[in-house]
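# Structural overview
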Amino acid sequence: MKNRLFILALVISLISIPLLAKGRQLTCSGSTTVLPIAQATAEAFMDLHPEVNISVRGGGSGVGIAALQNGTVQIANSSRPMKAKEITQARSKGINPTPYAIALDGIAIVVNDKNPVKNLTIAQIKDIYTGKIKDWSQVGGARLPIVVVSRDVASGTFEVFNEKALSGSKVISSAQLLASNNAVASTVGNTPGAIGYIGLGYLTKDVKLVSVNGTMPSEKTVKDNTYKLSRKLYMYTNGKAAGDVNRYISFIQSAAGQKIVKDQGFVTLN
Amino acid sequence: MKQIILMLILGILLVPGIVQAQELKLSGELWNRWTMENGKAPGDSTDATLRNNFSLERGYVGLEAKFSETIKGRLTVDLFSSDALKDGAGIKLKYAYVDFSRLFPIPEMTTTVGLQKVYFGSIYDWNYSLIGKAPTDEYKLANSSDYGITLNGFIPGGLGEYALGAYNGEGYKNYGSNLKDNTDLSYLANLRLTPVSGLTLGGSVMNNSTEREILLANATANGNYSRQLLWDGLLRAAYGPLDIWVEYTGKDVTFADAFSNKDYSANALCVFPTLKLRSLIGTDLEILGRYDRWDETDNPQNINLMTAVTAGVNYNFMHDESDNPAMQVQLNYTNKTYDEAESAPAYAHGLKDTDTLMLQFKWRFATTIKN
């Protein structure tokens, strides 16, 4: 009898050890704005917890939210709050989207670094993006046609920008619609008359940041909301985060995680 | 042929407007099907093969134009080979509508104008996980799309959705002179609530009518005129890999006073469970079942009581970045039987017990062109 129990315990152990050794997989996808935060914090978290493997993908906020609805990722990264339609669709499938703020951001309005314009009002930004203002000379710059650069439909940054700066108006049809913050920064940096908008973490020396209504996006103005294009960045989970998901998000929200947020050029929560 | 010419003309007229859009999404979904059906009428000693053929059952091809963040249009045509047309293919206009999302200052509410979905029961979000139609479509209670105007939206916090609509009430196949002298519009109210994650409760009511109550030429009552009250209640429970829909729907039909002996009620019960195996075995397989009971025994013109049981397996593959599958193989078996005692005499005049085996390959594509 004892031999049988010993053999049974041995068999269970042999089966269990490889499963335990396989490691624990965690997948998150979505916003390209959140991507650098997710990648950097995932690397730091995996250094601390080598048994956990975190896979991070971009695609846009809409893509990550759809994947969460389909139950194929544990975390959806989003640079905007989920819409009632998305929450309803998820809840009807038994997915309960739960938001966790992980950082703050200001949507930075950027122009080519040779452009002398230093400030734009929300009204001027709206007029530029809807095609009423077509030349930089109309807003105090040189005589140079404006090249409008925007983000695509899957982008949460576009939706927040459209809501806060354009009040839902249509972007001029000649605008270049690009798939990532990097692409916007690169295009604006290479095009003398260009204007674009990106997350603060994507600012480069090739683009020039302009103030909005006289306010520059900074830690202070984003936190106190005086910068008009401020927003929260989120990670959504199915129900209250638990296990490795909870540990990972808690790490991002901790002092160590928020230091990484700051290092990536974004604004900390507190 | 006339339909094809009509669609080509319509396309030529619409495309210049559509290409002005901020974004244009091209999409398609095609269903290639093999059907094998055996059936028999009461008294038959052996089954006869009723169908054994390949077909393109549906070929939805659509354009979705985003004019701004608040205005979007959709045009979808349905190409098919399964109907009895000598041309080899048919074409129907399925959707042609525009969504205005900020016409009224109500968050998350859209006003939809044109040939659009009918927000009744499960018909408007039926995704054909099983090959069969939604119960309201199968039993001719409501059409999947119709000409009209709706206010539809979502309750903040993800607590549900609602719709109020006015339609022709004749479906997408009838318009203009095909409306059979019917001047009454059909009105709809739909509410779905998701009080807790995974539990959905819904209800719809809709009125409809056929033809005119009084024949205009001689001012007599029309025996074919009827008023219909359509109703539907549904419950959906989704937890982990299990997803169950239960739908109870029906209609109360009232004829003109002189023909009140034709009045009747009919109802259908549908139970539709799905077990999604992907989270359990890693492969995107689904096992599905469906039980239908259609009770029309109160209809003196077509007395029947039908039961249908379906079993199916789906295999999904070629997932996109949001993990939606681009391809799906479906295998379905359906056994449909009429209660002999409850179904005479209409049962003897055409309704047959059937066994149907269907194998279907669906493929979808979508791409967005940015202007």
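Residues numbered from 1 in each chain as written. Chains lettered and ligands numbered in written order. Predicted model: local features only at pLDDT ≥ 70, side-chain atom pairs only at ≥ 80, totals over all residues. Heavy atoms only, no water.

For the rest of this paragraph, the subject is the packing of helix H9 (residues 243-253) of chain A against helix H10 (residues 255-263) of chain A. Two elements in contact, H9(A) and H10(A), have axes separated by 4 Å at closest approach and are oriented at 65°. Between H9(A) and H10(A), the contacting residues are A:Phe251, A:Ile252 and A:Gln253 on the first element and A:Ala255, A:Ala256, A:Gly257, A:Gln258, A:Ile260 and A:Val261 on the second. (Axes fitted to C-alpha atoms, helices over the stretch in contact; angles between N-to-C directions. Helix = DSSP H or I, 4+ residues; strand = E, 2+ residues; numbered from the N terminus. Contact = heavy atoms within 4.5 Å.)

Size of an interface, as often reported, equals the accessible area lost when the parts are brought together. Taken together, the contact pairs 34 residues of chain B with 29 residues of chain A. Counting each side, the surface lost to burial between chain B and chain A is near 2500 Å², with a carbon and sulfur contribution of 50%. The tally of links from chain B across to chain A stands at one salt bridge. Of the charged contacts, one joins B:Arg102 and A:Glu163 as a salt bridge, the two residues approaching to 2.8 Å between their closest N and O atoms. At the boundary of chain B and chain A, one finds ten residue pairs in polar contact (both at pLDDT 80 or more). (Buried area = accessible area lost by both parts, 1.4 Å probe. Salt bridge = Lys/Arg side-chain N within 4 Å of Asp/Glu carboxyl O. Polar contact = N/O pair within 3.5 Å; in protein donor to acceptor, adjacent residues only side chain to side chain.)

Packed helices, taken two at a time, are described by the angle between their axes plus the distance between the axes. Residues and elements named next belong to chain A. Interaxial distance between helix H2 (residues 35-48) and H9 falls to 10 Å at its minimum, and their mutual angle equals 115°. Considering their axes alone, H2 and H9 lie roughly perpendicular with respect to each other. Of the two possible hands of crossing, H2 and H9 adopt the one that is right-handed. In contact with Ala38, Thr41, Ala42, Ala44, Phe45 and Leu48 of H2, H9 contributes Asp244, Arg247, Tyr248, Phe251 and Ile252. (Parallel < 35°, antiparallel > 145°, perpendicular 65-115°, else oblique. Left-handed = near helix turned anticlockwise from the far one by under 90°.)

For the rest of this paragraph, the subject is the pattern of salt bridges. For the structure on display, the rule yields 25 salt bridges over all chains. The partner of A:Lys220 in a salt bridge is A:Asp224, with the nearest N and O atoms 3.2 Å apart. Classification of A:Asp224 by relative accessible area gives partly exposed; the value is 36%. The partner of B:Arg278 in a salt bridge is B:Asp323, and the shortest N-O contact between them spans 2.3 Å. Of the two residues, B:Arg278 is situated in helix H3 (residues 278-281) and B:Asp323 in the loop between strand E14 (305-319) and strand E15 (325-338); the sequence distance between them amounts to 45 residues. Judged by its relative accessible area of 27%, B:Arg278 falls in the partly exposed class. Within the structure, one salt-bridge network assembled from shared partners comprises A:Arg24, A:Glu51, A:Asp244 and A:Arg247. (Buried < 20%, exposed > 50% of the residue type's maximum accessible area, 1.4 Å probe, protein only.)

Moving on: the domain arrangement of chain A. Residues and elements named next belong to chain A. Parsing chain A into structural domains produces domain 1 (2-104 + 233-263) and domain 2 (108-216). Domain 1 and domain 2 are separated by 33 Å when their C-alpha centres are compared. Domain 1 puts eleven residues into the contact, and the matching count from domain 2 is eleven residues. For the pair domain 1 and domain 2, the summed buried area comes to about 720 Å², and 46% of that belongs to carbon and sulfur atoms. The largest contributions to the domain 1 side of the interface with domain 2 come from Thr32, Thr33 and Arg80, which together make up 54% of the buried area. At the surface where domain 1 touches domain 2, the tally comes to two salt bridges. One salt bridge connects glutamate 159 with arginine 80, and the closest N-O pair in it is separated by 3.7 Å. At the junction of domain 1 with domain 2, the criterion picks out seven residue pairs in polar contact (both at pLDDT 80 or more). Residue assignment for the side of domain 1 that touches domain 2 shows that the elements contributing at least two residues are H2 and helix H3 (61-69). Class assignment of the residues belonging to the side of domain 1 that touches domain 2 gives a composition of two nonpolar, seven polar and two charged. (Domains from an automatic or database assignment. Nonpolar A, V, L, I, M, F, W, Y, C, P; charged D, E, K, R; others polar.)

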